[in-house]
Amino acid sequence: MPTRKISILVCINERFSDRPSCGVQGSAKLAKQLEYKLQEAGLPIPVEPIGCFGRCHEGPNLRIAPGGAFFTEMNSARLDDVVAAVAAIIHPPAQPATCTDPLLASLSGASDESTHHSDR
Ligand code: FES
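Since the model is a prediction, treat every value here as computed from it, not as a measurement.

Rules and cut-offs
- Residues numbered from 1 in each chain as written.
- Predicted model: local features only at pLDDT ≥ 70, side-chain atom pairs only at ≥ 80, totals over all residues.
- Helix = DSSP H or I, 4+ residues; strand = E, 2+ residues; numbered from the N terminus.
- Buried ≥ 20, exposed ≤ 12 C-beta atoms within 10 Å, placed from the backbone.
- Contact = placed C-beta atoms within 7 Å.
- Pairing = 2+ DSSP bridges.
- Right-handed = clockwise from strand over helix to strand, strands pointing away.
- Axes fitted to C-alpha atoms, helices over the stretch in contact; angles between N-to-C directions.
- Parallel < 35°, antiparallel > 145°, perpendicular 65-115°, else oblique.
- Left-handed = near helix turned anticlockwise from the far one by under 90°.
- Nonpolar A, V, L, I, M, F, W, Y, C, P; charged D, E, K, R; others polar.
- pLDDT = per-residue confidence, 0-100.

Tallying secondary structure elements over the chain gives three helices and four strands in all. Overall, the chain shows an N-to-C arrangement of helices and strands of β-α-β-β-β-α-α. Counting only residues that meet the buried cut, the chain has 20% of its 120 residues in that class. Relative to all contacts within the chain whose residues are 6 or more apart in sequence, the contacts with residues 24 or more apart total 57%.

See below:
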């Protein structure tokens, strides 16, 4: 099964002004902690610093890429949520097998109603 190439983008933008920024709120430290937690969980996913998501008032922010979940107002306690989300992408829960053989399906009671015949 092919593995999707995913990474975690962490905004580390530092803006020393009245405007908030993820970097000033400790996002670089969160990125290091996340990297460690992912390694510990056996999920060697790259954690990549980026400039800004444009959602500075909600930071610190990070996102699973490409196109994955966006995490706002991050802190150390919530990093496990990110690890769980990555694990769910890499190791999705197994889907129950669907039996397409009509004989086996009828033995398991999972056959289509239209295949049953009754003697009236
Ligand atoms: S500074 Fe992090 S989203 Fe803008």
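With that settled, the discussion passes to the sheet that holds strand 1 (residues 7–11). Read across the open sheet, the four strands follow the order 2-1-3-4; overall the sheet is mixed. With partners counted over all chains shown, the strands left at the sheet margins are strand 2 (47–50) and strand 4 (70–71), one partner each. With four bridges connecting them, strand 1 and strand 3 (residues 62–65) associate as antiparallel partners. Counted as the bridge partner of Ser7 is Ala65 from strand 3.

Quick look at the pairing of strand 2 now. Each regular strand carries side chains that alternate between the two faces of the sheet. Inspection of the sheet shows strand 1 paired to strand 2 by four bridges, in the parallel sense. Opposite Val10, over in strand 2, you have Pro49 as the bridge partner. For the crossover from strand 1 across helix 1 (residues 27–40) to strand 2, the handedness is right-handed.

Here we take up the packing of helix 1 against helix 2 (residues 79–90). The contact between helix 1 and helix 2 brings their axes to 10 Å, and the two run at 45°. Judged on the interaxial angle alone, helix 2 and helix 1 are oblique. The crossing of helix 1 and helix 2 is right-handed. On the side of helix 1, the interface is formed by Leu30, Gln33, Leu34, Lys37 and Leu38, while helix 2 contributes Leu79, Val82, Val83 and Val86. Considering only residue class, the contact of helix 1 with helix 2 consists of seven nonpolar, one polar and one charged.

Across the chain, the average pLDDT comes to 86, with 82% of residues at or above 70. In the model, residues 111–120 has pLDDT below 50 throughout and makes five contacts with residues more than four positions away in sequence or in other chains.

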